[in-house]
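Coordinate analysis (summary)
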Amino acid sequence: MNTIANHLPTAELQALDAAHHMHPFTDGTALAQKGARVITKASGVTLTDSDGIEIMDAMAGLWCVNIGYGRAELAQAAAAQMTQLPYYNTFFQTTHVPAIALSKRLAELAPAPLNHVFYAMGGSDANDTNVRLVRHYWAAKGKPDKKVIIARKNGYHGSTMAGASLGGMKPMHAQGGLPIADIVHIDQPDWWAEGGDLTPVEFGLERARQLEAKIHELGEDKIAAFIAEPIQGAGGVIVPPDSYWPEIQRICDAYDILLIADEVICGFGRTGNWFGSQTMGIRPDIMTIAKGLSSGYAPIGGSLVSDKIANTVADAGDFNHGYTYSGHPVSCAVALENLRIIEEEKLIENVRDVTGPYLAEKWAQLVDHPLVGEAKIVGFMGSIALTPDKAARAGFAAGSGTAGLRCRDRCFANQLVMRHVGDRMIISPPLILNKSGVDKMLARAVKSLDETLAALLAEGLMK
Ligand SMILES: *Cc1c(COP(=O)(O)O)cnc(C)c1O
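Figured I'd write up the structure that's included with this text. (Residues numbered from 1 in each chain as written. Predicted model: local features only at pLDDT ≥ 70, side-chain atom pairs only at ≥ 80, totals over all residues. Heavy atoms only, no water.)

Structural notes on the side chain of Ser 165
Quick note on the threshold: Helical segments are the DSSP runs of H or I of at least four residues, strand segments are the runs of E of at least two, and each set is numbered from the N terminus. The rule is simple: take the accessible area with a 1.4 Å probe, protein chains only, and divide by the maximum for that residue type; under 20% is buried, over 50% is exposed, in between is partly exposed. Residue contacts follow a heavy-atom distance rule, with two residues in contact if any of their heavy atoms lie within 4.5 Å.
Along the polypeptide, Ser 165 turns up in helix H7 (residues 161–166). In this structure Ser 165 comes out as buried when scored by relative accessible area, which is 0%. Look past the residues within four positions of Ser 165 in its chain and what remains in contact with it is Thr 160, His 173, Leu 178, Pro 179, Ile 180, Ile 183 and His 185.

Description of the packing of helix H15 (residues 347–364) against helix H17 (residues 435–458)
Stated precisely, the cut-off is as follows: Axes here refer to lines fitted to C-alpha atoms; in helices the fit is confined to the stretch in contact. Angles between the N-to-C directions go from 0 to 180 degrees. Small angles under 35 degrees read as roughly parallel and large ones over 145 as roughly antiparallel, with 65 to 115 read as roughly perpendicular and the rest as oblique. Here a crossing is taken to be left-handed if its near helix is turned anticlockwise relative to the far helix by less than a right angle, and right-handed if that turn runs clockwise. Residues are grouped as follows: Ala, Val, Leu, Ile, Met, Phe, Trp, Tyr, Cys and Pro are nonpolar; Asp, Glu, Lys and Arg are charged; every other residue, Gly included, is polar.
Orientation of H15 relative to H17, taken along the N-to-C sense of each, is 25 degrees, at an axis distance of 10 Å. Relative to H17, H15 is oriented roughly parallel. Two packed elements cross with a definite hand, and for H15 against H17 that hand is right-handed. Contacts between H15 and H17 pair Val 354, Thr 355, Tyr 358, Leu 359, Lys 362 and Trp 363 from the former with Lys 435, Val 438, Asp 439, Met 441 and Leu 442 from the latter. Grouping the amino acids of the contact of H15 with H17 by side-chain chemistry returns seven nonpolar, one polar and three charged.

Some thoughts on unusual backbone geometry
What you tend to see is this: most non-glycine residues have negative phi, and most peptide bonds are trans. Here the residue pair Leu 178 and Pro 179 is connected by a cis peptide bond, since its omega of 0 degrees sits within 30 degrees of zero. If you check the backbone angles, Phe 92 has positive phi at about 50 degrees while not being a glycine. The class for Phe 92 is exposed, based on a relative accessible area of 73%. Despite not being glycine, Asp 182 shows a phi value in the positive range, around 65 degrees.

Some thoughts on helix H13 (residues 307–314)
Rules: Directions drawn from the helix axis to the C-beta atoms are what define this arc.
Taken as a whole, H13 has its buried residues at Ile 309, Ala 310, Thr 312 and Val 313. Considered in projection along H13, the buried side chains sweep an arc of 165 degrees and stay on one side of the axis. Buried residues along H13 sit in contact with strand E4 (114–120), helix H6 (123–140), strand E8 (258–262), strand E9 (286–289) and strand E10 (301–306).

Some thoughts on the pairing of strand E15 (residues 424–427)
In plain terms, the rule: By definition, two strands form a pair when at least two bridges between them are found by DSSP.
Where burial is concerned, the two faces of E15 agree: the one with Arg 424 and Ile 426 and the one with Met 425 and Ile 427 are both buried. Across four bridges, the pairing between strand E12 (residues 381–386) and E15 is antiparallel. Considered in E15, the bridge of Ser 383 is made with Ile 426. Where strand E14 (residues 419–421) meets E15, three bridges bridge the pair, whose relative direction is antiparallel. From the neighbouring strand, His 420 faces E15, where its bridge partner is Met 425. Once E14 ends, the chain turns through two residues before running back antiparallel as E15, passing Gly 422 with a positive phi of about 60 degrees.

Given below as C-alpha cells:
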C-alpha cells in the first residue's frame with residue numbers, strides 16, 4: 001500500500017509545496033518565504049505538524065470537523081462503500097442506496113417542509129445550484145422576471161462565481177468581475193462595528209428593514225430570494241440582534257420572496273440544534289448544507305429543498321443541472337455514518353445543555369480582558385472583538401487586522417488554532433470538546449491575548 005506516513009523533512013516539504021502547490025486564500029509570495037505549516041495527523045481536537053508539535057484545533061478545520069478527528073468508523077464506512085460501489089452517477093434516472101439512505105435521513109432531520117435534497121460537493125457549488133434552482137422555480141411558476149437574489153455585505157457563500165457573488169466580500173468581488181448579474185447586497189447586522197448610537201434591538205430592525213426597502217426599490221416581481229447565514233461565520237461570527245431574524249422572516253412572508261438559509265456552518269449541531277434556522281426561529285424554503293454534513297471526512301454538500309419548490313421543479317420537465325459527483329456514494333456513506341455518530345453520541349444535546357453553556361459562561365468573561373470589547377457565542381461558534389477603546393467600540397488606527405493578525409500568530413505559537421477576521425477572533429471547535437478541553441482552549445486564548453496586548457503596547461499601536 002502507498003503510505004505517506006513517512007515524509008521528507010519539513011523544510012523540504014515546504015519548498016516543494018511552495019514550488020508546486022497553489023493555495024486557496026493565500027499570498028503565494030509570503031507563503032514561499034515563511035513556509036506552510038505541514039499537518040501530518042490528527043486525533044480528537046488535536047493536530048500534529050511535521051515537527052511533531054501538537055496544536056489544539058479550535059476551528060474544527062474550516063468549521064467542519066464536528067465529530068473530531070480520527071473516527072475509524074468513517075474510514076470503515078468509506079472503505080466498505082468503495083469496495084462495493086465506488087462510483088455511480090445519479091443522472092438520467094439512476095440512483096444508488098447511499099444517496100437514497102442519506103436523502104431519507106436528511107429529510108427526517110430537516111424542518112418539516114424540507115424533504116428533498118439536491119447534492120453538490122461542497123457549499124459553494126450548492127449555492128450555485130440554489131441560484132439556478134430558485135430562478136428555474138419562478139420561471140416554472142410563470143414569473144421569469146423574478147431573478148434577483150438579495151444577499152448581504154460581508155456574508156460568505158463560497159468561492160465559485162455564484163457563491164462569491166452571493167457573498168458580500170469586497171476583496172473577492174474585486175477579482176474576476178463579480179458579482180454576476182442580478183445579485184444585490186444589503187448591509188449586515190453587525191451591531192458592534194456598525195450600530196452607532198442605536199440599541200442592538202433598534203439596529204437589528206433597521207438592518208432587516210433594508211430588505212423591505214430593497215424589495216420596494218427593485219419591485220417584488222423582480223426578486224427571487226433572500227440568502228443569508230443564520231449566523232455569519234467567515235464574516236467574523238456575527239450574531240445578529242434578537243430583533244433581526246423575526247423581522248426578516250416577516251418580510252419574506254409578506255412579499256413572495258424565497259428564504260435561503262446558508263447552513264453550511266450553522267448546520268449539524270454547531271449552534272446547539274441540528275440547524276441554525278431552528279436556533280434562530282426561521283422557516284427557510286431552502287437550506288444550503290456542507291461542512292459538518294460529513295464532518296469534513298469526505299467532500300459533500302447540497303441543498304435541502306421544500307416540497308413546494310421540489311414539486312414545482314419536478315413538474316417542469318428536466319432541470320438541466322447537476323455534477324458528476326452529485327450524491328457520490330462514498331461521500332453519502334461517510335455522511336450517514338457521521339450523522340449516526342452525532343445522533344447516538346448526543347453531540348448536539350451535549351453542546352446545547354452541557355458544554356455549550358459552560359463555554360458560553362467562560363467566553364463571556366473574556367470581555368474583562370483589556371483588549372476585548374464584545375464577546376459573542378451561540379452553541380459552539382463564538383467571536384470576540386479586539387479594540388483599543390471599548391467604550392467607543394473603536395478600531396485600530398493602524399487598520400483592521402492590527403490586533404487580529406498578531407493574536408492569531410500568538411495563538412499558533414501557544415498551540416491553538418483560533419482564526420482572525422480583521423480584529424475579531426473566532427472559534428468553532430469540534431463538538432466533542434469537553435469541559436477540560438474548554439478550559440485548556442481558554443487558557444491558551446487568554447495567554448495569547450495577554451501577549452498580543454503587550455506587543456501592541458510595546459509597538460505603540462495602543463495606549
Ligand atoms: C464554507 C462555506 C461555504 C462554501 O463551502 P465550500 O465547501 O468551501 O464550497 C458556503 N457557505 C458558507 C456559509 C460557508 O461557511
